[in-house]
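Fold and contact review
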Amino acid sequence: MKTIKIGIITVCCILFNVGCTQDSTKTKAEKQGWYLSMQSYTFHLFTVMESLDKTQELGLRFIEIYPGQRLGEGFGDAIFGYQMNSDQQKKLKEEAVTRGIKIVSSGVWTAQREEWEQIFPFANNMEMEFISAEPAREDWDVVERLAKKHHIKVAVHNHPSENSYWNPEVLLGSIGGRDALLGACVDVGHYKRMGLDPISSMQQLDGRIIALHFKDIAPQGEEQNLEDVVWGQGILNVQAMMEELKRQNFKGYFTIEYEADWENNLPQIKQSIDYFNQVVEEIF
């Protein structure tokens, strides 16, 4: 009996140490349930495989891949999307794993009604947590049914167009009474481009935010267009947005979508990640 007890204690100690080791590899943000992810459109000049390499170089462990991106080396002319066969899907997941990356989502999907029947099984097979999407308003019954069937969250994106879910009222008018699997993918830059305050917009969506397309923007060039800049150097008050998400007890993904300096934006993204971690240290 004594030997059995010693064995049990030993196993418990091993499991405890493994758990501690795994927890110690997490950043302070991740310990709060905040995860930095990469939106592969940031690297749309490159392939999915190259995007995975760049994401790994940045030290990130999660990625959202946009439909239509060329897969790249080892995949011929194939593109990312529900048209991928099972072998291609398996190979892509393996390629991500070898780099320490998980494909947590894909998007932004703007699909025809019949396509949703293929998108959700694809997301399920790829073991995604959610998709970012902008479904047609008349397709919500279909999308909600499929989200519940496949246990895939739908994070609704807000492109800067009045034909999209450009403000919180429009989005809540479509999903307010529907399943909690349906929520928001908040693009803070697009809110500002539509004349909305990102913080008050997020307040309206309290409890329904699944993920963000996170960024900072500033007027650039002769026309003063609002373009991406290093986080903390623009007009969006990144720290205040993060403090609001802390107040909401948000848990989820800050998806980096850096839409500038397309040929080589890794230096700017690295600075943005450093700023994000600096703010996390200050507010937690």
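The structure contained in this document is the topic of the report that follows. Here the structure is a predicted model, which is why all the values come from computation and not from measurement. (Residues numbered from 1 in each chain as written. Predicted model: local features only at pLDDT ≥ 70, side-chain atom pairs only at ≥ 80, totals over all residues. Heavy atoms only, no water.)

**Considering the overall build of the protein chain**
For the protein chain, the helix and strand inventory stands at eleven helices and ten strands. Its C-alpha atoms give the protein chain a radius of gyration of 20 Å, near enough to 19 Å, the size a compact globule of 284 residues would have. Expressed as a percentage of its 284 residues, the buried residues of the protein chain come to 51%. Here the analysis covers contacts within the protein chain between residues at least 6 apart in sequence; of these, 71% occur between residues at least 24 apart. Of the roughly 13,400 Å² that the protein chain leaves accessible, carbon and sulfur atoms contribute 49%. (Helix = DSSP H or I, 4+ residues; strand = E, 2+ residues; numbered from the N terminus. Rg over C-alpha atoms; globule rule 2.2 N^0.38 Å. Buried < 20%, exposed > 50% of the residue type's maximum accessible area, 1.4 Å probe, protein only. Contact = heavy atoms within 4.5 Å. Areas by Shrake-Rupley, 256 points an atom, 1.4 Å probe, with all protein chains shown as cover.)

**Details of the pattern of salt bridges**
In the structure shown here, the tally under the stated rule is 18 salt bridges. R247 is paired through a salt bridge with E244; the nearest N and O atoms lie 2.7 Å apart. With R247 and E244 both in helix α10 (residues 238-247), this residue pair falls three residues apart, about one helical turn. Taken together, the shared-partner salt bridges in this structure form one network comprising D53, K91, E95 and R99. (Salt bridge = Lys/Arg side-chain N within 4 Å of Asp/Glu carboxyl O.)

**A look at helix α3 (residues 48-57)**
If you check which residues of α3 are buried, you get V48, M49, S51, L52, K54 and T55. Buried-residue contacts for α3 involve β1 (34-39), β2 (62-65), α4 (86-98) and α11 (266-283). G59 sits one or two positions beyond α3 and adopts a positive phi of about 80 degrees.

**What to know about helix α5 (residues 116-125)**
Residues W116, I119, F120, F122 and A123 constitute the buried set of α5. Across the axial projection of α5, the buried residues extend over an arc of 160 degrees, all falling on one side. Turning to α5, the residues buried within the fold contact α4, β3 (102-109), β4 (130-133), α6 (140-150) and β5 (153-157). In the segment just after α5, E127 is the residue with positive phi, at about 60 degrees. (Arc of directions from axis to C-beta.)

**A short note on the pairing of strand β10 (residues 252-256)**
Counted residue by residue, β10 has five buried out of five residues, so it is predominantly covered. In terms of strand pairing, β1 meets β10 through five bridges, oriented parallel. Residue pairing across strands places M38 opposite I256, the latter belonging to β10. Two elements, strand β7 (residues 209-214) and β10, share four bridges in a ladder whose sense is parallel. The residue of β10 that forms the bridge with L212 is F254. (Pairing = 2+ DSSP bridges.)

**Some remarks on the sheet that holds strand β6 (residues 182-187)**
Strand order in this closed barrel of eight strands is β1-β2-β3-β4-β5-β6-β7-β10, and the pairing throughout is parallel. When strand polarity is set aside, the average angle formed by the axes of neighbouring strands in this sheet is 30 degrees. Bridging between β1 and β2 involves two bridges; their strand directions are parallel. Note on β2: the bridge partner recorded for M38 is I63. Together, β1 and β2 form the strand contacts of α3, whose direction differs from that of β2 by roughly 155 degrees. (Axes fitted to C-alpha atoms, helices over the stretch in contact; angles between N-to-C directions.)

**What to know about unusual backbone geometry**
Residues G107 and V108 are joined by a peptide bond in cis, for which omega reads 15 degrees. Counting through the fold element by element, V108 comes out in strand β3. Positive phi values are uncommon outside glycine, yet Q224 reaches one of about 55 degrees. In this structure, N249 is a non-glycine residue whose phi angle is positive, near 60 degrees. Tracing the sequence through the fold places N249 in the loop between α10 and β10. The class for N249 is exposed, based on a relative accessible area of 52%.

**A few points about the pairing of β7**
Across the six residues that make up β7, a large majority, six, are buried. Bridge count between β6 and β7: four bridges; the pairing is parallel. In the sheet register, C185 faces β7, and the bridge partner there is A211.

**Here we look at the side chain of D228**
Mapped onto the secondary structure, D228 falls in strand β9 (residues 225-229). Engagement of the side chain of D228 in a polar contact is seen with the backbone nitrogen of E259, the distance being 3.3 Å. When sequence neighbours within four positions are dropped, the list of residues in contact with D228 reads R193, K215, D216, I217, E257, Y258, E259 and A260. (Polar contact = N/O pair within 3.5 Å; in protein donor to acceptor, adjacent residues only side chain to side chain.)

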